[in-house]
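Structural overview
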Amino acid sequence: MIVAAVPIKDLNVAKQRLASVLTLAEREQLARAMLRDVLRALGGAGFDHVWVVTREPAVEAIARVLGAEPLAEAENRGHTAAVALAQAEAARRGARVFLTVPGDVPRVTADELKELAGAAGDGAPAFVPSRSRLGTNGVALAPPGAMPLTFGEPSFARHLDTARARNLAPRVLTLPGLGLDIDTPEDLTALAAETVPTETGALVAAWLNEPGRFGLKPLSPSTHR
C-alpha cells in the first residue's frame, strides 16, 4: 500500500511571502489552484490513498471533490507536525510506502510522483530538493516510520544528514515539476513560462498579463499555453 500526504495550512494565511504582489484574496485563490493541481497529479499516480492533512473545511471539500481523503488535525501546528501525523497514521494502517509533497508544487506530474514512490526502499529514503536545494519538496519512505522528517530551510541537507545518522542510504531525485514550489514573485514568473498547462499556470499568466502587474512587462501570447 502506498499512501501520499499533502499538508495544507489555513488558506487565509497562505503564501504570506507573496503579500507584496498579491492580495489576500488572490493568495487564497492561488493556494486553492495549486492544491487542485497537486491533487490531480496525485490522482493520476494511482496510489492507494491520498490524504490532505488540514483543519479547514474548505480544503476538505477540495480534497473530496478530487478523490482525496481529509486527515483532520485539531490545530494548525505547522508542516512538520502535519506530516508526522500522516506518517503515524500510515504506519498504523500498514502502508508499505509513505510519500509526502507540499501543496504548492503545481507543476508536479503523476510520472514524477510515481518515480519518487518507486525510488524508496528498505533502508533507502528518497528525497526531492526544491530548486534552491534548501527545501525538501518530496519525500518517500519505506516503511513510513523509517526516519523523522523536519521541514523548513535548510531541510534538504538536514534530511540527508538525519538519514545517514540512522545508517540509511538516501536517494536524491531532481524532478523539475516537483522542484518548483511557489513562494516568491520570481517563482510565479517561472511557473507562467512553463508550457505544460496547469490551472495555476493559467491563473498566474493572466495576472502577469495585467499592465504593470509585479512591475514586469506582460507575457507574450505564446509564453504560456
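Everything below is about the structure shown above.
First things first, this report covers the structure right here in the doc. Since we're looking at a predicted model, the values are computed, not measured. (Residues numbered from 1 in each chain as written. Predicted model: local features only at pLDDT ≥ 70, side-chain atom pairs only at ≥ 80, totals over all residues. Heavy atoms only, no water.)

Some points on the layout of surface pockets
Here the largest pocket defines a volume of roughly 800 Å³. For the largest pocket, the lining is made up of 29 residues, of which Lys9, Lys15, His79, Asp104 and Asp183 are closest to its centre. The set of elements that each furnish at least two residues to the lining of the largest pocket consists of α1 (24-45), α3 (79-92) and β6 (136-141). Looking at the lining of the largest pocket, its residues break down into 10 nonpolar, 11 polar and eight charged. (1 Å grid on protein atoms, 1.4 Å probe; cavity = no way out; pocket = protein on both sides within 12 Å on 5 of 7 lines; lining within 4 Å. Points joined across faces, edges and corners; volume = space filled by probe spheres on them. Helix = DSSP H or I, 4+ residues; strand = E, 2+ residues; numbered from the N terminus. Nonpolar A, V, L, I, M, F, W, Y, C, P; charged D, E, K, R; others polar.)

Here we look at helix α7 (residues 185-192)
Taken together, the buried positions of α7 are occupied by Asp187, Leu188, Leu191 and Ala192. Buried residues of α7 fall within an arc of 135° about the axis and therefore sit on the same side. Where α7 is buried, its residues touch α1 and α8 (199-208). (Buried < 20%, exposed > 50% of the residue type's maximum accessible area, 1.4 Å probe, protein only. Arc of directions from axis to C-beta. Contact = heavy atoms within 4.5 Å.)

Topic: the pattern of salt bridges
Under the criterion given, the structure shown has 14 salt bridges. One salt bridge connects arginine 92 with glutamate 89, and the closest N-O pair in it is separated by 2.6 Å. On the criterion of helical spacing, the pair formed by arginine 92 and glutamate 89 is a turn pair, its members being three residues apart in helix α3. The partner of lysine 114 in a salt bridge is aspartate 111, with the nearest N and O atoms 3.7 Å apart. Of this pair, lysine 114 and aspartate 111 both sit in helix α4 (residues 110-119), three residues apart, which is roughly one turn of the helix. Exposure remark for lysine 114: the relative accessible area of 40% places this residue in the partly exposed category. (Salt bridge = Lys/Arg side-chain N within 4 Å of Asp/Glu carboxyl O.)

Some thoughts on the sheet that holds strand β2 (residues 49-54)
If you walk across this open sheet you meet the seven strands as β3-β2-β1-β4-β6-β5-β7, and the pairing is mixed. At either end of the open sheet lies a strand with only one pairing partner, and these are β3 (69-72) and β7 (171-172). The strands that α3 touches are β1 (2-7), β2, β3, β4 (97-100) and β6; relative to β2, the one it contacts most, it runs at about 140°. Of the strands in this sheet, β5 (126-129), β6 and β7 are in contact with helix α5 (residues 155-165), which crosses β5 at around 165°. (Pairing = 2+ DSSP bridges. Axes fitted to C-alpha atoms, helices over the stretch in contact; angles between N-to-C directions.)

Some remarks on the environment of isoleucine 8
Structurally, the position occupied by isoleucine 8 is in the loop between β1 and α1. Between the C-alpha atoms of isoleucine 8 and phenylalanine 151, which are 143 residues apart in sequence, the distance is 13 Å. For isoleucine 8, the contacting residues outside a window of four places in its chain are Leu35, Val52, Val53, Thr54, Val59 and Gly103.

Focus: the packing of α1 against α4
Viewed as axis vectors pointing N to C, α1 and α4 meet at an angle of 60°, and their least axial separation amounts to 8 Å. The angle between α1 and α4 places the two elements in the oblique class. Here the hand of the crossing between α1 and α4 comes out right-handed. Counting all contacts with α1, which are made through Ala41, Leu42, Gly44 and Ala45, the residues of α4 involved are Ala110, Leu113 and Lys114. (Parallel < 35°, antiparallel > 145°, perpendicular 65-115°, else oblique. Left-handed = near helix turned anticlockwise from the far one by under 90°.)

Structural notes on unusual backbone geometry
Put simply, alanine 142 and proline 143 share a cis peptide bond, and its omega is 0°. With respect to the helices, strands and loops of the structure, proline 143 is situated in the loop between β6 and α5. Here the residue pair glutamate 153 and proline 154 is connected by a cis peptide bond, since its omega of 5° sits within 30 degrees of zero. Although it is not a glycine, lysine 15 sits at a positive phi angle of roughly 55°. Positionally, lysine 15 belongs in the loop between β1 and α1. Despite not being glycine, asparagine 167 shows a phi value in the positive range, around 60°. Residue position: asparagine 167 is located in the loop between α5 and β7. Residue classification places asparagine 167 among the exposed residues on the basis of a relative accessible area of 73%.

Taken by themselves, the reported measurements are silent on function.
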